[in-house]
Each structure stands twice: as structure tokens, then as C-alpha cells.
Amino acid sequence: MRIGVLALQGAFAEHKKALADLNVKTLEIRQKKDLEREFDGLILPGGESTVMGKLLKELNLFEPLREKIQKGLPVLGTCAGLILLAEKLSNDNHVYFGTLPVTVKRNAYGRQLGSFFTQGEVKGVGKVPMTFIRAPYIEKVGAAAETIAEVDGKIVGVRYRNQIGISFHPEVTDSRKLHRYFADLCEKAKSGNL
Ligand code: GLN
């Protein structure tokens, strides 16, 4: 089992470290050639969605990755990664992968005061520390998708089949619960039990 981590920009090293702590192998995805190797899940890290979106297209990673997600590859998008997955952005005209049926608001907590720390419950995972950094939140969840986390009445986590999108950064905390949950999902998908 190996999990690909999109490593173009942003907090990919922290995700790799989190998975290494769980003895899960990772593969950095930086260029098209990297897709020749097998991987059983994909993490889209936080960072700057506009930059990642542009690089994904320039490096010809965009279409093959979108196809893999659509075919059921488990994917975890954190913060900017959630923005990359969203079907719609309420305050931005871009749509990137567009595979997750949610409407997301970018920089939803404001640009200056948008970073904060709290703890909250994630369905199927338990209570986890949550670090928000110029974070988006989810304004609308499509009928087939499930809300898995809320903070102060705002939706900050959603799951739709093989896709998980969260507003916060689990990789910058000591908790590995969310990465454990995602790695288990990847194991299940690999053995055809998702
Ligand atoms: N504000 C960033 C964006 O819109 C996301 C911030 C993050 O990933 N920490 O892409």
C-alpha cells in the first residue's frame, strides 16, 4: 500500500511525515512520470489552490489525476486541497477537479483573522485537533455527500464516496487519527471493499 502526496506546493512534507509515522509508504507526485508508479490513495495538501491548480495543468497532471479520482481512487483534500476538489466555489470562478459535490467558500474566515486552532469531532474518526489557516468552509453539501465535521455551525468536513474534503490541517498537529482513517480507507479500496 502506498499513498501519493501531491508535492507541487504547500504542506506536502507534513503529510508525508504523518503517514511515515504510521508506517505508510508515500509517493511524491511532482510530474507526469510519477503517475507510472502505483499508488492506492492521494492527498491534496493545503497551500494555495490557484498555484496548485495552475501547476497541475501545466505539468499535465490534471486530467490523469481527475480520471483516477472519478474512477474511485481515495482522495483526501485538506484546505486548498478541498478547494481543488470542490464542484463549485462561491467566491471564485475557478473550478478545478470539480469531483466533490460541495460549494466551498475560499478564505471564508477572512484573510487576516482566518487562522485559528480548535478541537472537534470528525465522524468515523473521533475528536481531533484542528488547525485552520486562511481556511475555506463548506457552504453547501450535495445530497449524496455526507457532512463529517462542523465547527461553530460551519461545515468543515465532508465525505462523498472515495473523497474526503476538510477545511483544516491535520498534518500540522500531533494527532495521526485522520491519516489513520484515510490510510484504512485506502486499504479498503485496494482490497475492493470500499
Ligand atoms: N487560502 C488558500 C486558498 O484559497 C487555502 C489555505 C490553505 O490551504 N491553508 O487556496
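Residues numbered from 1 in each chain as written. Predicted model: local features only at pLDDT ≥ 70, side-chain atom pairs only at ≥ 80, totals over all residues. Heavy atoms only, no water.

S.K.: Looking at this structure, how should I read the overall build of the protein chain?
M.R.: Regarding its fold elements, the protein chain presents five helices and twelve strands. In terms of C-alpha radius of gyration, the protein chain reaches 15 Å, essentially the compact-globule figure of 16 Å for 194 residues. The C-alpha extent of the protein chain, read off along each of the three principal axes, is 40 × 35 × 30 Å. Of all 194 residues assigned to the protein chain, the portion counted as buried reaches 54%. The contacts of the protein chain with a sequence gap of at least 6 include a subset with a gap of at least 24, amounting to 61%. In the structure as shown, the protein chain presents an accessible area of about 8900 Å², 45% of it carried by carbon and sulfur atoms. In the protein chain, which carries 29 positive and 22 negative side-chain charges, the distance between the mean positions of the two groups comes to 1 Å. (Helix = DSSP H or I, 4+ residues; strand = E, 2+ residues; numbered from the N terminus. Rg over C-alpha atoms; globule rule 2.2 N^0.38 Å. Buried < 20%, exposed > 50% of the residue type's maximum accessible area, 1.4 Å probe, protein only. Contact = heavy atoms within 4.5 Å. Areas by Shrake-Rupley, 256 points an atom, 1.4 Å probe, with all protein chains shown as cover. Lys, Arg positive; Asp, Glu negative; His and termini not counted. Charge placed at Lys NZ, Arg CZ, Asp CG, Glu CD.)

S.K.: What exactly am I supposed to notice about the site of the ligand here?
M.R.: Taken together, Gly46, Gly47, Glu48, Ser49, Cys79, Ala80, Ile83, Arg106, Asn107, Ile133, Arg134 and His169 make up all the residues around the ligand. At a separation of 2.9 Å, an oxygen atom of the ligand approaches a polar backbone atom of Gly47. For the ligand, an oxygen atom lies 2.7 Å from a polar atom in the side chain of Arg106. When isolated, the ligand has an accessible area of 300 Å², and the protein chains bury 98% of it. Taken together, the residues that form the shell around the ligand break down as four nonpolar, five polar and three charged. (Near = heavy atom within 4 Å. Polar contact = N/O pair within 3.5 Å; in protein donor to acceptor, adjacent residues only side chain to side chain. Nonpolar A, V, L, I, M, F, W, Y, C, P; charged D, E, K, R; others polar.)

S.K.: Whenever I open this one, helix H2 (residues 49–58) confuses me. Can you help?
M.R.: Along an α-helix, a turn takes 3.6 residues, which lines up residues three or four apart on a common side. For H2, the set of buried residues is Ser49, Met52, Gly53 and Leu56. Burial along H2 is one-sided: seen end-on, the buried residues are contained in an arc of 100 degrees. In H2, the exposed positions angled more than 90 degrees off the buried face are occupied by Lys54 and Glu58. Elements that come into contact with the buried residues of H2 comprise strand E1 (2–6), helix H3 (62–70) and helix H4 (80–85). At the C-terminal side of H2, Asn60 shows a positive phi close to 60 degrees. (Arc of directions from axis to C-beta.)

S.K.: Just to check I follow, could you spell out the pairing of strand E7 (residues 116–122) for this structure?
M.R.: The side chains of a regular strand alternate between both faces of the sheet. As defined by bridge partners, E7 adjoins strand E8 (residues 126–132) across seven bridges and the pair is classed as antiparallel. Pairing of Gly120 across the sheet is with Val128, part of E8. The turn joining E7 and E8, which pair antiparallel and follow one another in sequence, is formed by three residues; a positive phi near 85 degrees is taken by Gly124. (Pairing = 2+ DSSP bridges.)

S.K.: How should the side chain of His15 be read in this particular structure?
M.R.: Among the secondary structure elements, His15 is positioned in helix H1 (residues 12–21). For His15, a relative accessible area of 0% translates into the label buried. A distance of 3.4 Å separates the side chain of His15 from the side chain of Glu171, its partner in a polar contact. Apart from residues lying up to four places away in sequence, His15 is in contact with Val5, Ile43, Pro45, Thr78, Glu171 and His179.

S.K.: Please explain unusual backbone geometry as it appears in this structure.
M.R.: With the exception of glycine, the majority of residues adopt a negative phi angle, and the majority of peptide bonds are in the trans configuration. Here Asn23, not a glycine, exhibits a phi torsion of approximately 60 degrees, which is positive. With respect to the secondary-structure elements, Asn23 resides in the loop between H1 and strand E2 (25–29). Looking at Asn23, the relative accessible area reads 73%, which means it is exposed. Phi is positive for Arg161, which is not a glycine, with a value near 50 degrees. Residue position: Arg161 is located in the loop between strand E11 (154–160) and strand E12 (163–166). Looking at Arg161, the relative accessible area reads 60%, which means it is exposed.

S.K.: Sorry, what's going on with the nonpolar core here?
M.R.: Here is a general trend for soluble globular proteins: nonpolar side chains tend to be buried in one another's company. Of all hydrophobic cores here, the largest spans 33 residues; its most connected members are Leu6, Leu56, Leu65 and Phe97. Look past the residues within four positions of Leu56 in its chain and what remains in contact with it is Leu6, Leu8, Leu61, Phe62, Leu65, Leu84 and Phe97. In terms of nonpolar packing, the next biggest core, distinct from the first, is built from 31 residues, Val122, Met130, Leu185 and Cys186 among them. (Core = buried A, V, L, I, M, F, W, Y, C linked by side-chain atoms within 4.5 Å.)

S.K.: Quick question: what am I supposed to make of the side chain of Asn107 here?
M.R.: Looking at the secondary structure, you find Asn107 in the loop between strand E6 (100–105) and E7. Apart from the residues within four sequence positions on either side, Asn107 is in contact with Arg134, Ala135 and Pro136.

Keep in mind these values describe shape, not function.
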